[in-house]
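Examination of the molecular architecture
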Amino acid sequence: MEIDRVDGRTPNQLRPLACSRSVLNRAHGSASWTQGDTKVLAAVYGPKAGTKKNENPEKACIEVIWKPKTGQSGKLEREYEMILKRTLQSICVLTLNPNTTTSVIVQVVNDDGALLPCAINAACAALVDAGAPLKHLAVAICCCLAESGYVILDPSKLEEQKMKAFAYLVFPNSLTLLQEGGSPVGGEPMEHGIITSVTQGAMSVDDYLHCLERGRAATAKMSAFLQKSLQPLLSDG
Amino acid sequence: MEEKVSGSPACFIDKPVIPGDVVLDLSDMTNQTIKLGGGLRQDFDSIVAMKAGTLRFTKPNKYWVETSQKRYVPCVGDSVLGIVADSRADNFLVDIKGPTLAYLPVLAFEGGTRRNIPKFEVGTLLYVRVVKANPGMNPELSCTDASGKAAEYGVLKDGYNFDCSTGLSRMLLRSPRCPVLEELGKKISFEIAVGLNGRVWLNAGSPSLIIVVSNAIMNSESLTGVKQRIMVDKLIQNLKLSS
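This is a predicted model, so every value here is computed, not measured.

What counts and how
Residues numbered from 1 in each chain as written. Chains lettered and ligands numbered in written order. Predicted model: local features only at pLDDT ≥ 70, side-chain atom pairs only at ≥ 80, totals over all residues. Heavy atoms only, no water. Helix = DSSP H or I, 4+ residues; strand = E, 2+ residues; numbered from the N terminus. Buried < 20%, exposed > 50% of the residue type's maximum accessible area, 1.4 Å probe, protein only. Contact = heavy atoms within 4.5 Å. Areas by Shrake-Rupley, 256 points an atom, 1.4 Å probe, with all protein chains shown as cover. Domains from an automatic or database assignment. pLDDT = per-residue confidence, 0-100. Buried area = accessible area lost by both parts, 1.4 Å probe. Salt bridge = Lys/Arg side-chain N within 4 Å of Asp/Glu carboxyl O. Polar contact = N/O pair within 3.5 Å; in protein donor to acceptor, adjacent residues only side chain to side chain. Nonpolar A, V, L, I, M, F, W, Y, C, P; charged D, E, K, R; others polar. UniProt positions renumbered as here; feature names shortened; annotations may be inferred. Phe/Tyr/Trp six-rings, centres within 6.5 Å; stacked < 30°, edge-to-face > 60°. Pairing = 2+ DSSP bridges.

In terms of helices and strands, chain A carries six helices and nine strands. Out of the 237 residues in chain A, the part that is buried amounts to 53%. Restricting the contact set of chain A to residue pairs at least 6 apart, pairs at least 24 apart contribute 71%. Of the accessible surface of chain A, which amounts to about 10,600 Å², a share of 51% is contributed by carbon and sulfur atoms.

Rendered as structure tokens:
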């Protein structure tokens, strides 16, 4: 593994994580998630009455609003909104509160690479904080493929620009199931699942599978962190 | 295997859980009849938590996750504090902090007939009971207990009303009585109504006392029992010095 990273990390090393919950007073749930210099703030409002047009009123609807750091939201932000919405829809129990809308507002505080995974993690923590019914948690990670064929995790902005291809991968939080459940759920172990995969650039199938494997290994650490950061507020309840 | 049967439920009780935690495995339980409360769902043979909170269990077979959130989801049987938002011919529309406004039928009062319909202005604070809470419908309220008596339900006049999290209101209603109320009650006389939807109404002799009590309650959310007592003691000492 003789790939040099600007900040001296090993290819598998993640940037320091930080997460705080209930940061906003008026939101029903909020969280900020930091990965190195990337910081995203997520707020959850709702459930509110009624669903939007073109949404199924028999299920709960999730609305995502992406606020970029500066300027207007453009095409890229719309794409992020859609990916985030689909991801959150798959982890939420939508049948419990039909005909309601839950708004998730994502504010980018600072972008230093791996923005979308960071936002997914923030949104997930904010949903937990708001008490929205969730099937399980989601942990997102960014895997990059360098020109030389190496896979690096959680790239910074500078590294992201030099890369040949990258994949945003979202996994269910495997750790709890590995440790506590143990037994496979519904025939296949949950930790083999994948919620969302967004790829950009060209990569071979083998490289993609390699990314998956590395990403999955790394998310174990992240889900441990997520679990830990969700704990302290609960114990005093 | 036998050890796991007895061991697996006990190890999660009174412990924090997060969404996705498999709390119980039905396939290796001898008695498969259990009652699930809020925050849990069944997924094939396993019971999975879907909210972050503390898992609670009461004998013989009730399980639920105790959560604290800012938003209230109506549930049948809860006593809540609502604010009248609108009045219609047949119903009052009441805000109980839920996703939708709740209906309070004008006849749902003790001895309620068409002749004596109560008049509430918009903004009136009511202590009511949730009688219907079906998904996809507006919840329905009642100002009587199950036998049709008024039983303390009804309008709350004067006083002061503030919002808190559902966790705090549940803590205030817990028995044995929570330390902060017990300590305050020894020194200050006040009236309190706590709604499970995270609304608290207070009334005391003077506005300054109301402020003291409400601040003490709001500050007690993140404190343990002992710390609550200390905080109240300090407050009361300050109160005596200033008066």
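What follows concerns the domain arrangement of chain B. In terms of domain boundaries, chain B breaks down into domain 1 (2-66), domain 2 (79-155) and domain 3 (160-242). Computed from C-alpha atoms alone, the centre-to-centre distance between domain 1 of chain B and domain 2 of chain B is 35 Å.

What follows concerns the confidence of the model for chain A. Chain-level pLDDT for chain A is 85 on average; 88% of the residues reach the 70-or-more range. Within the model, the stretch residues 175-188 of chain A combines pLDDT values under 50 with 26 contacts to residues more than four positions away or in other chains.

Listed per partner, the contact involves 36 residues of chain A and 30 residues of chain B. When chain A packs against chain B, the two sides together hide about 2,500 Å² of surface, and 60% of this comes from carbon and sulfur. The interface formed by chain A and chain B includes zero salt bridges. Our count for the chain A to chain B interface comes out at eight residue pairs in polar contact (both at pLDDT 80 or more). Mapped onto the side of chain A that touches chain B, the elements with two or more residues apiece are β3 (38-49), α2 (115-130), α4 (174-181) and α5 (205-230) of chain A. Partitioning the side of chain A that touches chain B into residue classes produces 17 nonpolar, 15 polar and four charged.

With that settled, consider the UniProt feature "domain: K Homology" (unreviewed entry) in chain B. In this numbering, the UniProt entry assigns the feature "domain: K Homology" (unreviewed entry) to residues 159-207 of chain B. Annotated as 37% helix and 33% strand, the span residues 159-207 of chain B places its first and last C-alpha atoms 9 Å apart.

A separate point is the side chain of A:N121. Residues and elements named next belong to chain A. By the secondary structure assignment, N121 is in helix α2. Of the polar contacts made by the side chain of N121, one reaches the backbone nitrogen of A140; its length is 2.9 Å. N121 has contacts with W33, Q35, A138, V139, A140 and M222, leaving out every residue within four places of it along the chain.

Under the counting rule described, the total for this entry stands at eight aromatic pairs over all chains. Here A:F166 and A:Y168 contribute two aromatic rings whose centre-to-centre distance is 5.2 Å and whose plane-to-plane angle is 50°, an arrangement assigned as tilted. For the pair B:F57 and B:Y63, a centre-to-centre distance of 4.7 Å together with 40° between the ring planes defines the contact as tilted. Among the aromatic residues, those joined into a cluster by ring pairs are B:F92, B:F109 and B:F120.

This part covers the sheet that holds strand β7 (residues 62-66) of chain B. All names here are of chain B. Here we have four strands laid out as an open sheet, ordered β1-β6-β7-β3, and mixed in their pairing. At either end of the open sheet lies a strand with only one pairing partner, and these are β1 (16-17) and β3 (35-36). Pairing of β3 with β7 involves two bridges; the strand directions are parallel. Across the sheet, K35 pairs through a bridge with K62, a residue of β7.

A few words on the pairing of β7(B). All names here are of chain B. In this sheet, β7 lies alongside strand β6 (residues 53-58) in antiparallel orientation, the contact comprising five bridges. For F57, the partnering residue across the bridge sits in β7 and is Y63. Adjacent in sequence and paired antiparallel, β6 and β7 are bridged by three residues.

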